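These are the residues of each chain, in order.
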Amino acid sequence: MATKSPHDTVETQNSIVVTEATRRARRSFLAAGVAAVAGGIGFAALMKSRTIGMLRLPLRKAEEVNRVLAEDVIGEERLAKTYPLHKAVKRARVNGLGLRRDMDPESWRLQVAGLSSAVSSHPKFVHNLSEWKYCYSPEFVARTLELDDESAQQPASTMKDDSSKGEDPLIEVPDRFPPAPGLLLTMGDLKALPFVEYATEFKCIEGWSDIMHFGGVRFRDFMEAFPPERGPGGALPKYVAMTTADGSYFSAFEMTAMVHPQTLLCYEMSGEALRPAHGAPLRLSMPLKYGYKQIKQIARITYTNERPYEYWERFGYDWHGGL
Ligand SMILES: Nc1nc2c(c(=O)[nH]1)N[C@H]1C(S)=C(S)[C@@H](COP(=O)(O)O)O[C@H]1N2
Ligand SMILES: [Mo]
């Protein structure tokens, strides 16, 4: 069997993106040439026009437009602006519904489904992830309240998940913990991967933003370590779904957004261990998307080719949540 090195996973994805971008650029380069001529500029005029870099201005402009387009579609090259870490707020605002404060932290595992069959030899492989039981008990509430400060204890969400956004009662929320083989990872498995941190602007659709400092592992590094099952021709799965342990919140993403270098699985915030109100033990940071896509208290990650359902979708919010 030809085993692909884990490194190959991300490299291949990048080359897919690059190839696609190059193809688009070439297409619009030609289109620009045609347009320049058709637009009456004429070849001689085109050759006399100012050059920027290697390209004459009219072509350069088309290339620019194309770059913006490609970034929009591919979402791979655009980076969110980063700030010096000390510019981040010391205590970030808390927002969100239904975070569990009563989970036994010892019972937390990160379930990963949709992996390459090669992982069946991994020591943390299990045949049925759904058999894992997270433990809840009121005795853990006091401990998580202690880890958060008072402001974190009264989340101020005004995001409507009631009928005001027109919930469609016909939409049935699918089971987010279907039986599946996969890995049951611990925080130690995540901490063994390269640590990355940054401060970026976090934007909530409710109209506030803060510079927040996140730390954790790049999803692309995580994916190298725990590679998904590939489709025909070695294609990566199209989507990644994530859900909390109790299934009360869930989000989903295109693979192109997941391999973005600023997409992090975070276990630190403000340079400290992630607090319960901010989604301990593990949350997502994806600075090119709105806050509602940055799921907290992640328990299961699934690679899939079917577009997964997203929590806010039935209330009329955009599935992509892009900024
Ligand atoms: N599990 C879970 N994750 C969630 C939410 C939630 O309600 N539950 N709310 C989202 C929204 S709308 C925002 S703005 C951010 C807030 O993150 P913070 O509390 O760390 O500021 O979490 C996101 N992730
Ligand atoms: Mo939000």
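Trainee: Just give me the short version of the site of ligand 1, but keep the residues and values in it.
Mentor: Neighbouring residues of ligand 1: 20 residues in total, closest Arg93, Leu97, His278, Arg283 and Lys296. Side-chain polar atom of arginine 283 to an oxygen atom of ligand 1: 2.6 Å apart, as the coordinates give it. Here ligand 1, which alone exposes 540 Å², has 99% of that area covered by the protein. Looking at the shell around ligand 1, the elements with two or more residues in it are β7 (196–204) and β8 (208–218). Here the residues of the shell around ligand 1 sort into 11 nonpolar, 6 polar and 3 charged.

Trainee: Any chance you could break down the sheet that holds strand β6 (residues 182–185) for me, citing the residues and the numbers?
Mentor: What the 6 strands build is an open sheet, ordered β5-β6-β4-β14-β9-β10; its pairing is mixed. At either end of the open sheet lies a strand with only one pairing partner, and these are β5 (125–126) and β10 (250–254). Where strand β9 (residues 239–244) lies against strand β14 (residues 298–304), 6 bridges are found, and the strand directions are antiparallel. When the sheet's bridge partners are listed, tyrosine 239 is paired in β14 with threonine 304.

Trainee: Quick rundown of unusual backbone geometry? Include the residues and the values.
Mentor: Across the chain, the bulk of peptide bonds are trans and the bulk of non-glycine residues have phi less than zero. For the bond from alanine 280 to proline 281, the omega torsion is 5°, close enough to zero to count as cis. By secondary structure assignment, the location of proline 281 is in the loop between β12 (272–273) and β13 (283–285). In the Ramachandran plot, serine 270 falls in the positive-phi region, its phi being about 55° despite a non-glycine side chain. Note that serine 270 resides in the loop between β11 (264–269) and β12. The class for serine 270 is partly exposed, based on a relative accessible area of 24%. Residue glutamine 297 is not a glycine yet carries a positive backbone phi of 50°. Along the chain, the position of glutamine 297 falls in the loop between β13 and β14.

Trainee: Can you break down the confidence of the model for the protein chain residue by residue, with the values?
Mentor: On average, residues of the protein chain score 79 in pLDDT, and 68% of them are at 70 or above. Across residues 63–74, where pLDDT falls below 50, the model places 15 contacts with residues more than four positions away in sequence or in other chains. Predicted confidence is poor over residues 162–167, with pLDDT under 50, and the contacts of this stretch with residues over four places away or in other chains come to 9 contacts.

Trainee: Please set out the nonpolar core residue by residue, giving values where relevant.
Mentor: Core analysis: the biggest nonpolar cluster contains 45 residues, and Leu110, Phe219, Phe222, Met242 and Leu265 have the highest contact counts within it. No other element matches the 4 residues that β14 contributes to this core. Dropping the residues within four chain positions of it, leucine 110 is found in contact with Leu183, Leu184, Leu185, Leu190, Phe222, Leu282, Ile298, Ala299, Arg300 and Ile301. One finds Phe214, Cys266, Leu274 and Ala280 within the second-largest nonpolar core, a separate group that totals 13 residues.

Trainee: So what about the side chain of lysine 296? Which residues, and what values?
Mentor: Along the polypeptide, lysine 296 turns up in the loop between β13 and β14. Despite its burial, lysine 296 remains without a salt bridge, the nearest opposite charge being carried by aspartate 148 at 9.0 Å. Here lysine 296 is in contact with Val94, Asn95, Leu99, Thr244, Ala277, His278, Gly279, Leu282 and Arg283, once residues within four sequence places are set aside.

Trainee: Can you explain the pairing of β7? Please cite residues and give values.
Mentor: Direction of pairing for strand β3 (residues 82–83) relative to β7: antiparallel, over a ladder of 2 bridges. Paired with tyrosine 83 across the bridge in β7 is alanine 199. Following β7, the chain reverses through 3 residues before pairing antiparallel with β8; glycine 207 in that reversal takes a positive phi of roughly 110°.

Definitions and limits used
Residues numbered from 1 in each chain as written. Chains lettered and ligands numbered in written order. Predicted model: local features only at pLDDT ≥ 70, side-chain atom pairs only at ≥ 80, totals over all residues. Heavy atoms only, no water. Near = heavy atom within 4 Å. Polar contact = N/O pair within 3.5 Å; in protein donor to acceptor, adjacent residues only side chain to side chain. Areas by Shrake-Rupley, 256 points an atom, 1.4 Å probe, with all protein chains shown as cover. Helix = DSSP H or I, 4+ residues; strand = E, 2+ residues; numbered from the N terminus. Nonpolar A, V, L, I, M, F, W, Y, C, P; charged D, E, K, R; others polar. Pairing = 2+ DSSP bridges. Buried < 20%, exposed > 50% of the residue type's maximum accessible area, 1.4 Å probe, protein only. pLDDT = per-residue confidence, 0-100. Contact = heavy atoms within 4.5 Å. Core = buried A, V, L, I, M, F, W, Y, C linked by side-chain atoms within 4.5 Å. Lys, Arg positive; Asp, Glu negative; His and termini not counted. Salt bridge = Lys/Arg side-chain N within 4 Å of Asp/Glu carboxyl O.

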